[in-house]
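# Residue-level structure breakdown
What follows is each chain in one-letter form.
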Amino acid sequence: MILTVTLSPSVDISYKLDDFKLDATNRCNNTIKTAGGKGLNVARVLKFLGAEVIATGFLGGDLGNFVKDQLDKDNIKNDFLFTDKPTRNCIAILSNNQQTEILEYSEVPNDEYLAKFLKKYELLCDKVNVVCISGSSPKGLDNSYVENLVKIAKEKNCTVITDVSGKLLEDVVNNFSTKPDFIKPNQDEFKDLLDKSQKLKEDFDIKASLKNDINQVDNVIVSLSADGAIVKSSDRLYKVDIPKIKVVNPVGSGDSSVAGLAYGIDNEMSFEDALKLSNACGMSNAMNQKTGYIDLEVVKDLQQQIKVSSLN
């Protein structure tokens, strides 16, 4: 079984307008509201894959009830902690082939709820093999809280995948005493992990940096977008080559990739096959209008076209 952790879920609201005007009244007849958050996208794709998955994290207020209702309707098993802080809204305005986002911050629950969630989380980790910790934390939550989540899962012998960014990713790599098994930065996020003199070099080499600079985490998957990925696993390096596709909506592709990887690990696939499934899920999501959705037939076809080769 796989556990997905979303500390800052949201209600994602999408407004599609023919012509969005600033400093004016805009009326919209095309509004979509969905349960959002990176970990929820992971859980949704895992459900498509047929995995046993349970989603957890913080929810609150009427918007939290909306998120839970949506997950229940999608038959995604969930066990969230309802706290004293309301779930946030995240708004996307789509107009003239442009997307404008307005993202609310999540508020940090009080100490009582933070402690309650750790107890719930510890019990959930007893039931699963893989834990995926995805997305941002509530504003003001110390990153040591996420470090504690990683530590608890590792003590329960779970494989831990973290898909985070910014200062949290930096702390995961450089400051956490207990490291996750996998991190999945994109190329820009990977460069931000390096010291300034290294990342400004014109001859910047991801392979050399994976060997010499990012060696604290056993498995590092660096997404190169349309160029596939470069992967470090212990002392081995791999290149993932992917076919060209028509991208419709790339949002959620990274989450879909995490889902494919988690599924592969949970089902004891070979490392190369798990990488193929991971990339195929990400690509299928990018070919779909909806976020966090895949077509299983497309995934199977893409898996046959993806090549994983050793760079050692």
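The text that follows walks through the structure, step by step, so that each part is easy to find. (Residues numbered from 1 in each chain as written. Predicted model: local features only at pLDDT ≥ 70, side-chain atom pairs only at ≥ 80, totals over all residues. Heavy atoms only, no water.)

### Examining the side chain of Thr56
Structurally, Thr56 is set in strand β4 (residues 53-59). The exposure class of Thr56 is buried, given its relative accessible area of 0%. In terms of polar contacts, Thr56 uses its side chain to reach the backbone carbonyl oxygen of Asp79, at 2.7 Å. Once residues within four sequence positions are removed from consideration, Thr56 is found in contact with Leu3, Thr4, Val5, Thr6, Asp79, Phe80, Phe117, Lys120 and Leu124. (Helix = DSSP H or I, 4+ residues; strand = E, 2+ residues; numbered from the N terminus. Buried < 20%, exposed > 50% of the residue type's maximum accessible area, 1.4 Å probe, protein only. Polar contact = N/O pair within 3.5 Å; in protein donor to acceptor, adjacent residues only side chain to side chain. Contact = heavy atoms within 4.5 Å.)

### What about the pairing of strand β12 (residues 219-223)?
Among the 5 residues that make up β12, 4 are buried, leaving the element largely enclosed by the rest of the structure. As judged from the 2 bridges shared by strand β11 (residues 182-183) and β12, these two strands associate in the parallel manner. Across the sheet, Ile183 pairs through a bridge with Val220, a residue of β12. Note: β12 against strand β13 (residues 229-233), 5 bridges, orientation antiparallel. Looking at the pairing, Val220 lines up with Lys232 of β13. From the end of β12 to the start of β13, which pair antiparallel, there are 5 residues, and Ser225 there has a positive phi angle of about 60 degrees. (Pairing = 2+ DSSP bridges.)

### Observations regarding helix α2 (residues 61-73)
An α-helical turn contains 3.6 residues, so any two residues separated by three or four positions project in the same direction. Between its first and last C-alpha, α2 extends 19 Å over 13 residues, near the 18 Å set by a 1.5 Å rise per residue. Gly64, Val67 and Leu71 are the residues of α2 that are buried. All buried residues of α2 lie within an arc of 60 degrees about the axis, which places them on one face of the element. Those residues of α2 that are exposed and aimed more than 90 degrees away from the buried face are Asp62 and Lys73. Buried residues belonging to α2 abut β2 (10-16), β3 (31-36), α1 (38-49), β4, β5 (77-78) and β6 (81-82). The first or second residue beyond α2 is Asn75, which carries a positive phi of 55 degrees. (Expected span 1.5 Å × (residues − 1). Arc of directions from axis to C-beta.)

### Focus on the environment of Asn89
Here Asn89 shows up in strand β7 (residues 88-95). For the pair Asn89 and Val231, spaced 142 residues apart in the sequence, the C-alpha separation amounts to 35 Å. When residues no more than four places from it in sequence are discounted, the contact partners of Asn89 are Val11, Ile13, Leu63, Ile102, Leu103 and Glu104.

### Focus: the sheet that holds β2
Across the sheet, 4 strands lie side by side as β3-β2-β7-β8; this open sheet has mixed pairing. Whereas interior strands pair on both sides, the edge strands pair on one side only; in this sheet they are β3 and β8 (98-103). Going across the sheet, the axis of each strand differs from the next one's by a mean of 20 degrees, ignoring polarity. Bridge count between β2 and β7: 7 bridges; the pairing is parallel. Residue pairing in the sheet places Ile13 in a bridge with Ile91 of β7. Sitting on the sheet, α2 is in contact with β2, β3 and β7, with an inclination near 85 degrees to β3. (Axes fitted to C-alpha atoms, helices over the stretch in contact; angles between N-to-C directions.)

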